[in-house]
Amino acid sequence: MSLAHGRPYLAIPGPSVIPDAVLAAMHRASPNIYEGDLVDMAAGLVPDLKRVARTEGHVAIYIANGHGAWEAALANTVAPGGRVLVCATGRFGHGWAEMAEAMGIATEIVDFGRKTPFEPARLAEAVARDAGQEIAAVLAVHTDTSTSLRSDIAEMRRVLDEAGHPALLMVDCIASLGCDVYEMDLWGADVTVTGSQKGLMVPPGLGFVFFNDRAAEVRRRLPRVSRYWDWAPRADPEAFYQYFGGTAPTHHLFGLRTALDIIHAEGIEAVWARHATLARAIWAAAEVWGEGGPLTLNVADPRHRSHAVTAMRLGTPHGARLREWTEREAGVTLGIGLGMSEEGDPQGRGYFRFGHMGHVNAHMVMGLLGTVEAGLAALQIPHGRGGVMAAAEVIAGG
Ligand SMILES: *Cc1c(COP(=O)(O)O)cnc(C)c1O
């Protein structure tokens, strides 16, 4: 017997759960791409996206995943032969750096490892070494989805301003936008990249690059930008097709329209508060489980934990066995340990992650935690009793 029959729950950190209303909005015949609903809708998406990123700047939309948005951000700001500094708090920081290298950009990494948070002093040192101010941009990942470390973007801005360094501050918010508090303008990010399939609750396939006037000016000074990635016509189109450099991502746009309506009906601050409380419920359960067994939260200090994803370690073989059990026996798919290789565990199978981004609420998180607790018991993995109760107390307390 398996208890998995019924509605499955993909609790991995992206793609996230898609609201039924978003799926329903996408379920339609191909729309006309020259006039009508689709064309009328496009202009309204822009201000509603900017309200999610909290910016008065510009946004370019690409048919691309997050990797495409990474490339787009770099293509518009740093010429081949230029230099960037990357603050890495996990696999995705290194991934963006590799993207830059492949574009002929020299890359210096300030590596904070996989458990310890971004530290302003180390960025300040790296910036101070750049006496000639050759670094064109500092790249940062707000929430690194592999480690679940969240970085303090406002502090990065402060470091750059105190050093009087003109580098652009470019932030990967692919995992955090629409989940964790993010204030692009207030915090002083010049460029923000994200994708559709995490906090925005739309299937993978749209990449977004938000940029301010300072970044737009940097773009204008580049000798050339590859045509597809050029953000200028997308952010300031004279014709509908220019938004997308060709055929529009028709169905994704209807899905996005509905997702933005859902976000703004709740209110972005309420969305942030919901994610914060659900994250605290998860941590409360994990901390209790860890009191009686090997489970540990990857990030020790709650101030540096993401509200969208939680990485945990159970050690081998428990981590992989737990994931197999929850999926096979209960219909809940947990995230793999990504980029968490360690001695004796080259694949990071001792790690696993919960995705809790976007369309998640209290009963889903309680179901997730209850299932994991059942899995720990079924597999006789030692753990402290009462994790679900601890989470319920957080939920009860609001
Ligand atoms: C998911 C993710 C990416 C990669 O996005 P893709 O759509 O898979 O290309 C990059 N950075 C972060 C922080 C992510 O969470």
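Source: prediction; values computed, not measured.

Caption draft 1: How the structure looks around the UniProt feature "modified residue: N6-(pyridoxal phosphate)lysine" (unreviewed entry) in the protein chain. Here, UniProt's "modified residue: N6-(pyridoxal phosphate)lysine" (unreviewed entry) annotation points to Lys198. Here Lys198 lies in the loop between strand 9 (191-195) and strand 10 (206-211). When near neighbours in sequence (up to four residues on either side) are disregarded, Lys198 contacts Pro13, Gly14, Ser16, Thr145, Ile174, Ala175, Met357 and Gly358.

Caption draft 2: Molecular detail of the packing of helix 5 (residues 120-128) against helix 6 (residues 153-163). It is the contact of helix 5 with helix 6, at a shortest axis distance of 10 Å, that shows an interaxial angle of 35°. Seen along the crossing, helix 5 lies across helix 6 with a hand that is right-handed. Listed contacts from helix 6 to Pro120, Leu123, Ala124 and Val127 of helix 5 are Glu155, Met156, Arg158, Val159, Leu160 and Ala163.

Caption draft 3: Looking closely at the domain arrangement of the protein chain. According to the domain assignment, the protein chain consists of domain 1 (9-16 + 267-397) and domain 2 (31-265). Each of domain 1 and domain 2 was reduced to a C-alpha centroid, and the two centroids are 28 Å apart. Both faces considered, domain 1 and domain 2 share a buried interface measuring about 2,500 Å² in area, 56% of it formed by carbon and sulfur atoms. Summed over the three residues of domain 1 that lose the most area to domain 2, namely Ile268, Trp272 and His304, the buried surface amounts to 24% of that side. Inspection of the domain 1/domain 2 interface yields 1 salt bridge. In this structure, Glu269 engages Arg54 in a salt bridge whose closest nitrogen and oxygen atoms are separated by 3.0 Å. The tally of links between domain 1 and domain 2 comes to 17 residue pairs in polar contact (both at pLDDT 80 or more). Where the side of domain 1 that touches domain 2 is concerned, the elements lending two or more residues are helix 11 (268-291), strand 12 (309-313) and strand 14 (351-355). The biggest single contributor to the side of domain 1 that touches domain 2 is helix 11, with 5 residues. Across the side of domain 1 that touches domain 2, the residue classes break down as 13 nonpolar, 13 polar and 5 charged.

Caption draft 4: Here's a closer look at the site of the ligand. Of all residues adjacent to the ligand, which total 13 residues, the nearest are His67, Thr145, Asp172, Gln197 and Lys198. One nitrogen or oxygen atom from the side chain of Asn65 is found 3.4 Å from an oxygen atom belonging to the ligand. In the environment of the ligand, an oxygen atom lies 2.8 Å from a nitrogen or oxygen atom belonging to the backbone of Gly66. For the ligand, whose accessible area on its own is 380 Å², the fraction buried by protein is 90%. Among the elements that make up the shell around the ligand, the one with the highest residue count is helix 3 (residues 66-75) (3 residues). By residue class, the composition of the shell around the ligand is 5 nonpolar, 6 polar and 2 charged.

Caption draft 5: Looking closely at the pattern of salt bridges. Applying the stated criterion to the full structure yields 27 salt bridges. The closest approach of N and O atoms between Arg219 and Asp230, which form a salt bridge, is 2.8 Å. Of this pair, Arg219 sits in helix 8 (residues 213-221) while Asp230 is found in the loop between helix 8 and helix 9 (231-235), placing the two residues 11 residues apart along the sequence. The same class applies to Arg219 as to Asp230, namely buried. Linking Arg349 and Glu324 is a salt bridge whose minimum nitrogen-to-oxygen distance equals 3.8 Å. Taken together, the positions of Arg349 in the loop between strand 13 (332-336) and strand 14 and Glu324 in helix 12 (residues 318-330) put the pair 25 residues apart, joining distant regions of the chain. Via salt bridges that share partners, Arg83, Glu108, Arg129, Asp130 and Glu134 belong to a single interconnected network.

Caption draft 6: Geometry of the pairing of strand 12. Of all 5 residues in strand 12, 4 are buried; the element is thus mostly enclosed. Examined bridge by bridge, strand 11 (residues 296-297) and strand 12 share 2 bridges and lie antiparallel to one another. By the bridge assignment for strand 12, Thr296 is matched with Arg313. When strand 12 meets strand 14, the two strands line up antiparallel, connected through 5 bridges. Across the sheet, the residue bridging to Ala311 is Arg353, located in strand 14.

Caption draft 7: Fine view of the packing of helix 13 (residues 362-378) against helix 14 (residues 387-397). Direction vectors running N to C along helix 13 and helix 14 enclose 165°, while the axes themselves pass 9 Å from each other. Comparing their axes, helix 14 and helix 13 come out roughly antiparallel. Regarding helix 13 and helix 14, the two cross each other, and that crossing is right-handed. Contact with helix 13, carried on its side by Ala362, Met366, Leu369, Gly370 and Glu373, involves Gly387, Val388, Ala391, Ala392 and Ile395 of helix 14 and no other residues of that element. The residue inventory of the contact of helix 13 with helix 14, partitioned by class, reads 7 nonpolar, 2 polar and 1 charged.

Caption draft 8: Summary view of the sheet that holds strand 13. Spatially, 1-13-14-12-11 is the arrangement adopted by the 5 strands of the open sheet, whose pairing is mixed. Sheet topology places strand 1 (9-11) and strand 11 at the edges, where each strand pairs with a single neighbour. Where strand 13 and strand 14 come together, 2 bridges link them in antiparallel fashion. Looking at strand 14, one finds that Ile336 is bridged to Phe352. On the sheet, helix 13 packs against strand 1, strand 13 and strand 14 and is oriented at approximately 80° with respect to strand 13.

What counts and how
- Throughout, a residue's number is its position along its own chain's written sequence, starting from 1.
- Predicted model: local features are reported for residues with pLDDT of at least 70 only, side-chain atom pairs are reported and counted for 80 or more only, and whole-chain, interface and lining totals are derived from all residues.
- The side-chain figures draw on all heavy atoms in the structure; neither hydrogens nor water molecules are used.
- UniProt positions are given in the numbering used here, feature names are shortened, and annotations may be inferred rather than shown by experiment.
- Numbering goes from the N terminus for both helices and strands, where a helix is a DSSP run of H or I of at least four residues and a strand is a run of E of at least two.
- Working rule for contacts: check all heavy atoms of both residues, and any pair within 4.5 Å makes them a contact.
- Lines are fitted to the C-alpha atoms to define the axes, a helix being fitted only along its stretch in contact, and any angle between axes, read from their N-to-C directions, falls within 0 to 180 degrees.
- For any helix crossing, the convention is left-handed if the near helix is rotated counterclockwise from the far helix by under a right angle, and right-handed if that rotation is clockwise.
- Segment limits for the domains were obtained from an automatic or database-derived domain assignment.
- Note on terms: buried area is the combined drop in 1.4 Å-probe accessible area of two parts once they are placed together, counting the loss on both.
- Counted as salt bridges are all cases of a side-chain nitrogen of Lys or Arg within 4 Å of a carboxyl oxygen of Asp or Glu.
- Pairs of N or O atoms are called polar contacts if they sit within 3.5 Å, as long as, within protein, a hydrogen donor faces a hydrogen acceptor (for residues adjacent in sequence, only side-chain-to-side-chain pairs).
- Under the grouping applied here, Gly and all other residues not named as nonpolar or charged are polar, the nonpolar ones being Ala, Val, Leu, Ile, Met, Phe, Trp, Tyr, Cys and Pro and the charged ones Asp, Glu, Lys and Arg.
- Summary of the distance rule: residues count as near a molecule or strand when at least one heavy atom falls within 4 Å of that molecule or strand.
- Note on areas: Shrake-Rupley, 1.4 Å probe, and residue coverage restricted to the protein chains presented here.
- For each residue, the accessible area found with a 1.4 Å probe, counting protein chains only, is set against the maximum for its type, and the residue is called buried under 20%, exposed over 50%, and partly exposed in between.
- Here the rule is simple: two strands pair whenever DSSP picks up at least two bridges between them.
- Note on angle classes: values under 35 degrees are labelled roughly parallel, values over 145 roughly antiparallel, values of 65 to 115 roughly perpendicular, and the remainder oblique.

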